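Each chain is listed here by its residues.
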Amino acid sequence: MHAHLFRKLVGDVDAAARPGDLVAVETPQGELLGHGLFNPRAEIAVRMLTFGPIPPGIEFWKEKLQRAVELRRDMLKLDAAGDAYRVIHAEADGLPGLVIDRYGDVLSAEVFSLAMYQRSAALLECLGQMLGTKHTLVQIPAQTHGQEGFQAEPVRSPGLPEDVVVTEFGTRFRVRFEEGHKTGFFCDQRDNRRRLAEICTGRTVLDLCCYTGGFAVQAKRLGNATDVTAVDLDEKAIAIARENAHLNQQKINFVHADAFGYMRDMIANGRTFDVVVLDPPKLIRNRRELEEGTRTHLDLNRLAIQLVADGGLFLSCTCSGLLEEAEFLRLLQTAARQAGKPPRSDSAAPAAPGRSMQILEKTGAAPDHPVAADCPETEYLKAVWMRVLKTGV
């Protein structure tokens, strides 16, 4: 059974049930299915917590937190890799609508349901005692306000610092909470950043949509790349990326520019790179944006592939969970075939033969972002590693 019960599937509701309440869920025949968190204002009316007759009590919540901590610390041993990782990954850790990342002494939470917002303070206090952290931050994405039918400001613990410096495989990164996307830093790409660095030694690297420079800084510091260029349109993100390079005493060429315009300029100048990373922000937030977001992914990849040197590596990512892997792969194949072709059918420019590619590997989020078997939406990040060749080679 899926962990989400949509409003159209919900029949009779006890008049005493209020938004955010823990409720028992029964079949139309009166058979008890389990217990979940209720919000009649939301499209997802019930987010299931348990299946079976026993309602979740205080020990249930503590056990979920403890098991999540044990996964990260005992099995994955993430404390050895650094002090920035995801501690709670929503449905995959049995806490639907809640994600929590650790950044040093700060627990940064993002809530996607009213019920979890109501319980976030108690959960963070308990989790902080387990991890020994000192500060908390709770943020509510703008779309959650509309989807869940409530308004709330971010909640900060007293003395919460404006930023912290965390480590990832020995590399230092500054996390600014006021200016960060989501919880502040993208821990999901941690292992992909290290994997890419292993390939970058002695090579030139282009990091497109670099945000605060994660791939770029690791390519230079861990990978010892000869030259790294990183591009992003977000001026504040580029400023933090420059700080991150400085923190690690690395020289990186950061460019504050729109990725489309930058790529077109580099193509016109005949510039190529041995390694190209394309990791755009989430382009498909709901099904209404699926067509346009897919088209934007195609356009970005078509340009990026042209900047990969013959025989070079192209790492293309999408964090849009609604873009299925099979469709993403088809999109990449189309982008390779169309690489170099004029953008308009009436263009006088000669048609280029496109590029061919070899898929070397497909990866996703780091294992501190597990996937719930009954909620496949928790598998969202797709990263495809490709060797790009001239057609006919």
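Residues numbered from 1 in each chain as written. Predicted model: local features only at pLDDT ≥ 70, side-chain atom pairs only at ≥ 80, totals over all residues. Heavy atoms only, no water.

(A) Structural detail: helix 7 (residues 259-268). Every buried residue of helix 7 is accounted for by Ala259, Tyr262, Met263 and Met266. Down the axis of helix 7, the sector holding all buried residues measures 95°, keeping them to one side. The elements touched by buried residues of helix 7 are strand 12 (204-208), strand 13 (227-232), strand 14 (253-256), strand 15 (273-278) and helix 8 (290-306). Capping the start of helix 7 is the job of one residue whose side-chain oxygen sits 3.2 Å from the backbone nitrogen of Phe260: Asp258. Backbone geometry just after helix 7 places Gly270 at a positive phi near 75°. (Buried < 20%, exposed > 50% of the residue type's maximum accessible area, 1.4 Å probe, protein only. Helix = DSSP H or I, 4+ residues; strand = E, 2+ residues; numbered from the N terminus. Arc of directions from axis to C-beta. Contact = heavy atoms within 4.5 Å. Polar contact = N/O pair within 3.5 Å; in protein donor to acceptor, adjacent residues only side chain to side chain.)

(B) Quick peek at the sheet that holds strand 17 (residues 355-363). Spatially, the 7 strands line up as an open sheet ordered 14-13-12-15-16-18-17, and their pairing is mixed. Bordering the open sheet on either side are strand 14 and strand 17, each of which pairs with just one other strand. Strand-to-strand twist across the sheet, computed as the mean angle between neighbouring axes with direction ignored, equals 15°. Here helix 4 (residues 190-199) sits on the sheet in contact with strand 15, strand 16 (308-318), strand 17 and strand 18 (382-390), set at roughly 20° to strand 18. Lying on the sheet, helix 8 is in contact with strand 12, strand 15, strand 16, strand 17 and strand 18; it crosses strand 16 at an angle near 155°. (Pairing = 2+ DSSP bridges. Axes fitted to C-alpha atoms, helices over the stretch in contact; angles between N-to-C directions.)

(C) View of the side chain of Glu91. Following the sequence through the fold, Glu91 ends up in the loop between strand 5 (84-89) and strand 6 (98-103). For Glu91, the side chain forms a polar contact with the side chain of His4, separated by 2.7 Å. Filtering out sequence-adjacent residues up to four positions away, Glu91 remains in contact with Ala3, His4, Arg47, Pro96, Gly97, Ala372, Cys375 and Thr378.

(D) The arrangement of the pairing of strand 6 in detail. Counting buried positions along strand 6 gives 6 out of 6 residues, so the element sits mostly inside the fold. Neither face of strand 6 is left uncovered, since the one carrying Leu98, Ile100 and Arg102 and the one carrying Val99, Asp101 and Tyr103 both have all their residues buried. One ladder, built from 5 bridges, connects strand 5 with strand 6; its direction is antiparallel. What sits directly across from Arg86, in strand 6, is Asp101. Pairing analysis gives 6 bridges linking strand 6 to strand 7 (residues 106-111), with the strands arranged antiparallel. Note on strand 7: the bridge partner recorded for Arg102 is Leu107. Counting the residues in the hairpin turn of strand 6 and strand 7 gives 2 residues, including Gly104, whose phi is positive at 60°.

(E) Broad picture of the sheet that holds strand 1 (residues 4-6). The 4 strands are arranged 1-4-3-2 in an open sheet whose pairing can be described as antiparallel. With partners counted over all chains shown, the strands left at the sheet margins are strand 1 and strand 2 (22-26), one partner each. Ignoring which end each strand starts from, the neighbouring axes of this sheet average 40° apart. Across 5 bridges, strand 2 lies against strand 3 (residues 32-38) in antiparallel orientation. Residue pairing in the sheet places Val25 in a bridge with Gly34 of strand 3.

(F) Fine view of the pattern of salt bridges. With the rule as written, the count across this model stands at 22 salt bridges. A salt bridge links Asp93 to Arg72, with the nearest nitrogen and oxygen atoms 2.7 Å apart. Of the two residues, Asp93 sits in the loop between strand 5 and strand 6 while Arg72 sits in helix 1 (residues 58-75), which places them 21 residues apart along the sequence. Judged by relative accessible area, Arg72 falls into the buried class, the value being 0%. For Arg176, the salt bridge is made with Asp163, and the minimal N-O distance between the two is 2.9 Å. Linking Arg176 in strand 11 (residues 171-176) with Asp163 in strand 10 (residues 163-168), this pair joins segments that are 13 residues apart in sequence. Residue classification places Asp163 among the partly exposed residues on the basis of a relative accessible area of 21%. Several salt bridges share partner residues, and in doing so they unite Asp163, Arg174, Arg176 and Glu243 into one network. (Salt bridge = Lys/Arg side-chain N within 4 Å of Asp/Glu carboxyl O.)

(G) Summary view of unusual backbone geometry. Phi angles above zero are rare outside glycine, and Cys209 is one such case at about 60°. Tracing the chain through its elements places Cys209 in the loop between strand 12 and helix 5 (214-221). When its relative accessible area of 17% is taken as the criterion, Cys209 is described as buried. Here the phi dihedral of Asn224 falls at roughly 55°; this positive angle occurs in a residue that is not glycine. Inspection of the secondary structure assignment puts Asn224 in the loop between helix 5 and strand 13.

Shape is all these values report; function is a separate question.
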